[in-house]
Amino acid sequence: MIPGMTAFLQQDFKIEKQPTHTYKMNLESKSIRGYTDNQEAMKQAIYKILNTQRYQYVMYSWNYGVELLDLYGEPLSYVCPELERRITEALTWDDRIQSVDNFEFDISKKGEICVTFIAHTVFGDVVAKKVVNF
């Protein structure tokens, strides 16, 4: 063993959480201007996760994003519970999101499901939605 390595290996390390401070996206004007933090940043994080197809982009970890493409053409009885499971799985990879519940499915528009739910984050609850074509 290398001299002094034992002392190095036995040191206590403090793991710090990264802040949520990030650039602010304006979806209406399709621009990024200024900064946002805490709950507003969580809304953006949820939006980005749910609008990134998992395994599609090499720049993201395979744990990032949601799998939706294979739901096209599947029966509604399969799609709704799968959406709940996949959205929950995708969002809870982010350690700032503690749980996801209160799923509601609006199927009033043919070929489209509007899913609303609540993401319980360390910064408070965020009501979110995702529209999926099936």
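Everything in this summary refers to the structure shown in the same document.

1. With respect to the nonpolar core
Formed by 23 residues in total, the largest nonpolar core has its most connected members in I46, L83, L91 and F117. Listing elements by their share of this core, those giving two or more residues are helix 2 (38-50), helix 3 (76-92), strand 3 (97-106), strand 4 (112-121) and strand 5 (124-133). Looking at this core, the element that brings in the most residues is helix 3, giving six residues.

2. Some points on the packing of helix 2 against helix 3
At a closest axis distance of 10 Å, the pairing of helix 2 and helix 3 adopts a crossing angle of 125°. Classified by the angle their axes make, helix 2 and helix 3 are oblique. In the packing of helix 2 onto helix 3, the handedness of the crossing is right-handed. Contacts from I46, I49 and L50 of helix 2 reach helix 3 at I87, A90 and L91. Grouping the amino acids of the contact of helix 2 with helix 3 by side-chain chemistry returns six nonpolar, no polar and no charged.

3. Describing the side chain of H120
Considering the arrangement of structural elements, one finds H120 in strand 4. The exposure class assigned to H120 is buried, which follows from its relative accessible area of 17%. Here the side chain of H120 touches D125 through a polar contact of 2.7 Å, side chain to side chain. Among residues more than four places away in sequence, those in contact with H120 are R96, I97, Q98, S99, D101 and D125.

4. Description of helix 3
Here helix 3 is 17 residues long and its end C-alpha atoms lie 24 Å apart, about the 24 Å a rise of 1.5 Å per residue gives. Buried residues of helix 3: V79, C80, E82, L83, R86, I87, A90 and L91, and no others. Among the structural elements, helix 2, strand 3, strand 4 and strand 5 are those in contact with the buried residues of helix 3.

Rules and cut-offs
- Here, residues in each chain are numbered from 1, in the same order as that chain's written sequence.
- Local features in this predicted model are restricted to residues of pLDDT 70 or higher, and side-chain atom pairs are both shown and tallied only at a pLDDT of 80 or more, whereas totals for entire chains, interfaces and linings draw on every residue.
- As a rule here, side-chain values come from all non-hydrogen atoms in the structure, and water together with hydrogens is ignored.
- We define the nonpolar core as a collection of buried residues of types Ala, Val, Leu, Ile, Met, Phe, Trp, Tyr and Cys that are connected through side-chain atoms lying within 4.5 Å of one another.
- Relative accessible area decides the class of each residue, using a 1.4 Å probe on protein chains only: under 20% of the type maximum gives buried, over 50% gives exposed, and in between gives partly exposed.
- Counting from the N terminus, the helices are the DSSP runs of H or I reaching at least four residues and the strands are the DSSP runs of E reaching at least two.
- What counts as an axis is a line fitted to C-alpha atoms, over the stretch in contact for a helix, and the angles between N-to-C directions run from 0 to 180 degrees.
- Convention used here: angles under 35 degrees read as roughly parallel, angles over 145 as roughly antiparallel, angles from 65 to 115 as roughly perpendicular, and any remaining angle as oblique.
- We call a crossing left-handed when the near helix sits turned anticlockwise from the far one by less than a right angle, and right-handed when that turn is clockwise.
- Two residues qualify as a contact provided that any one of their heavy atoms is within 4.5 Å of a heavy atom in the partner residue.
- Residue type decides the class: Asp, Glu, Lys and Arg count as charged, Ala, Val, Leu, Ile, Met, Phe, Trp, Tyr, Cys and Pro as nonpolar, and the leftover types, Gly among them, as polar.
- We call two N or O atoms a polar contact when they sit within 3.5 Å, provided that within protein one can donate a hydrogen and the other can accept it, with sequence-adjacent residues counted only if both atoms are side-chain atoms.
- One less than the residue count of a helix, multiplied by 1.5 Å, gives the span that helix is expected to have.

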